Amino acid sequence: MLDQQKIPMGRVRQAYGLSVNEVESVIHALWPHAVFPVELWRRTHEQYWRGFADSNQAVYQIDSPALPEVDTAKQFFHVHLCALDVMEFFRKLSLNIQSGPLQQGLQYILDESYEDNATLFQEEREFLFKTLVRLETVDPIEQYSPSSELFEDKILSLPPSSYHFISHIFADTVLVDTVAVIRLLRNYPLREEVKGITHALVTLVLKTFPEELPGTPFSVEQSSIQAPASPSTGSRKDHERIQATRQACEEVVKELYREKQVFDDNRAQWRQGLLFDNGKTNWKGFIGAVEKRLGLKPHHDTAREAWTKVPENLKHNGRMREQ
């Protein structure tokens, strides 16, 4: 279990309703003193993986992969580059330890990073570990020997796309200082209590540190992380409609990311949902999906605000031709 002084960004994202881009903005704002990029992975490696990897290295003469080193002296932390390095570490690890401890360690990371992770990249995880289990039915010496044809088969049976979900979850696994992130998001409403951030803790932190977080150029008012100011009548019913619309928009954006991953990685398996055959969607498709989720008309300004935050590589401005 993690100490209470640090919290994964996945829980911060859920607590404050942050988008993917906002998660990265928080990481950059707290860098370097309040950000611990691979600490959760390092703890997992020590607890679940390293013993098996070192043992197999001694017995079968295969390299025991090492986690990437993060230079905190650098002015900027490249989240996406580190995500790729961690994904490569995990890929190499899957080639030289048993699937059991590999899966247990990954589940530990997911359990620490998310309140509910049962459906998170569920198909990708099932495919990866079912493949690894199938490949482990052979004799261990044949399985791990680099000169064995079975070793080559194991590598060839697991294309790079099998591991892409690791890079997608990486930002959520980054640990940050709990007090620092609460202070940073002081003007952002706490939407949901999670393990590590409660209303009581937020109140205590902000009473103890009423001033802005020192030593960082980032503030809520100056960044993209702002409490949405959608027009509202002030009524409870209107407020609930805004909140429901915002949540539906976030879920639709997550669907877009998942569908885009399948579209880019394996076009043959892609089934049209929110995206068109150019790998993008438009406002009409987006708002239609939001309305379908809600079962009623969305709050228009809230939905428009969410649409502006959708990455440009997912958006087609204008009408789409008939499919």
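Residue indices follow the written sequence of each chain, beginning from 1 at its first position. The predicted nature of this model means local features are confined to residues of pLDDT at least 70 and side-chain atom pairs, given and counted, to a pLDDT of 80 or more, with totals for whole chains, interfaces and linings taken over all residues. Where side-chain values are given, they derive from all heavy atoms of the structure, hydrogens and water being excluded.

A. Quick look at the packing of helix α5 (residues 99–113) against helix α9 (residues 164–173). At a closest axis distance of 10 Å, the pairing of α5 and α9 adopts a crossing angle of 45°. Of the possible angle classes, the one that applies to α5 and α9 is oblique. Pair α5 / α9 crosses with left-handed handedness. Residue-level contacts link L106, I109, L110 and S113 of α5 to F165, I166, I169, D172 and T173 of α9. Think of each axis as a best-fit line through the C-alpha atoms, taken over the contacting stretch in the case of a helix, with angles from 0 to 180 degrees between the N-to-C directions. Here a helix means four or more residues in a row that DSSP labels H or I, a strand means two or more in a row labelled E, and each is numbered from the N terminus. An angle below 35 degrees is treated as roughly parallel, one above 145 as roughly antiparallel, one from 65 to 115 as roughly perpendicular, and anything else as oblique. Should the near helix be turned anticlockwise from the far one by less than a right angle, the crossing is left-handed, and should it be turned clockwise, the crossing is right-handed. The contact criterion used throughout is that any non-hydrogen atoms of two residues lie within 4.5 Å.

B. Region of interest: the packing of aromatic side chains. Pairing of aromatic side chains here covers Phe, Tyr and the six-membered ring of Trp, requires ring centres within 6.5 Å, and sorts the geometry by plane angle: under 30 degrees stacked, over 60 edge-to-face, intermediate tilted. Considering all chains together, one arrives at 12 aromatic pairs under this definition. Seen in terms of ring centroids, F90 and Y163 are 6.4 Å apart; in terms of plane orientation they differ by 70°. Their pairing is edge-to-face. Note that F90 is positioned in helix α4 (residues 79–94) and Y163 in the loop between α8 (149–156) and α9, a separation of 73 residues in sequence. The class of F90 is buried, set by a relative accessible area of 0%. We count a charge as sitting over a ring when the NZ of a lysine or the CZ of an arginine lies within 6 Å of the ring centre and within 35 degrees of the ring normal. Taking NZ or CZ as reference, R304 lies 3.8 Å from the ring centre of W283, over its face. Burial classification: accessible surface area is computed with a 1.4 Å probe over protein chains only, and a residue below 20% of its type maximum counts as buried, one above 50% as exposed, and the rest as partly exposed.

C. Quick look at helix α13 (residues 283–294). Expected span of a helix: the number of residues minus one, times 1.5 Å. Along its 12 residues, α13 runs 16 Å from first to last C-alpha, staying within 8% of the 16 Å computed at 1.5 Å per residue. Within α13, the full set of buried residues consists of W283, F286, I287, A289 and V290. The buried side chains of α13 occupy one side of the element, clustering within an arc of 155° when seen end-on. Of the residues in α13, the exposed ones pointing more than 90 degrees away from the buried face are K284 and K292. G295 sits one or two residues past α13 and shows a positive phi near 80°. By definition, the arc is the one covered by directions from the helix axis to the C-beta atoms.

D. View of the sheet that holds strand β3 (residues 175–177). Think of it this way: DSSP has to see at least two bridges between two strands before they count as a pair. Read across the open sheet, the 3 strands follow the order β1-β3-β2; overall the sheet is antiparallel. Looking along the sheet, the strands with just one partner apiece sit at the ends: β1 (6–8) and β2 (35–36). Here 2 bridges tie β2 to β3, and the two strands are oriented antiparallel to one another. Across the sheet, F36 pairs through a bridge with L175, a residue of β3.

E. Seen up close, the nonpolar core. The criterion is simple. A nonpolar core is a set of buried Ala, Val, Leu, Ile, Met, Phe, Trp, Tyr and Cys residues joined through side-chain atoms within 4.5 Å. In this structure, V12, Y16, W49, F90 and F170 are the most contacted members of the largest nonpolar core, which totals 62 residues. In this structure Y16 touches I182, L185, Y188, P189, L190, R191, I197 and V202, once residues within four positions along its chain are discounted. Core analysis: the next-biggest nonpolar cluster, separate from the first, contains 19 residues, L256, W283, I287 and A306 among them.

F. Looking closely at the side chain of S162. Along the chain, the position of S162 falls in the loop between α8 and α9. For S162, a relative accessible area of 6% puts it in the buried group. Ignoring sequence-local partners within four residues, the contact set of S162 consists of F127 and L128.

G. Broad picture of α9. Summarising burial for α9: 8 of the 10 residues are buried, a large majority. Looking at α9, one finds that the buried residues are F165, I166, S167, I169, F170, A171, D172 and T173.

H. Layout of the side chain of K6. Structurally, K6 can be placed in strand β1. Polar side-chain contacts of K6 include one of 2.8 Å to the side chain of E39. Ignoring any residue separated from it by four or fewer positions in sequence, one finds K6 in contact with F36, E39, R43, L175, V176 and T178. As used in this structure description, the phrase polar contact means that two N or O atoms lie within 3.5 Å; if the pair is within protein, one of them must be able to donate a hydrogen and the other to accept it, and residues adjacent in sequence are counted only when both atoms belong to side chains.

I. Highlighting the confidence of the model for the protein. Confidence along the protein averages 82 in pLDDT terms, with 81% of residues attaining 70 or more. Each residue gets a pLDDT score, which is the predictor's confidence in that residue and runs from 0 to 100. This stretch, residues 217–230, has a pLDDT under 50; its non-local contacts, to residues over four places away or in other chains, come to 39 contacts.

J. Spotlight on the pattern of salt bridges. One side-chain nitrogen of Lys or Arg within 4 Å of one carboxyl oxygen of Asp or Glu is enough to make a salt bridge. Enumeration over the complete set of coordinates arrives at 12 salt bridges. With a closest N to O distance of 2.8 Å, K6 and E39 form a salt bridge. Residue K6 is found in strand β1, and its partner E39 is found in helix α3 (residues 39–60); the two are separated by 33 residues along the sequence. Each member of the pair, K6 together with E39, is buried. Through salt bridges with shared partners, a single network forms among K6, E39 and R43.

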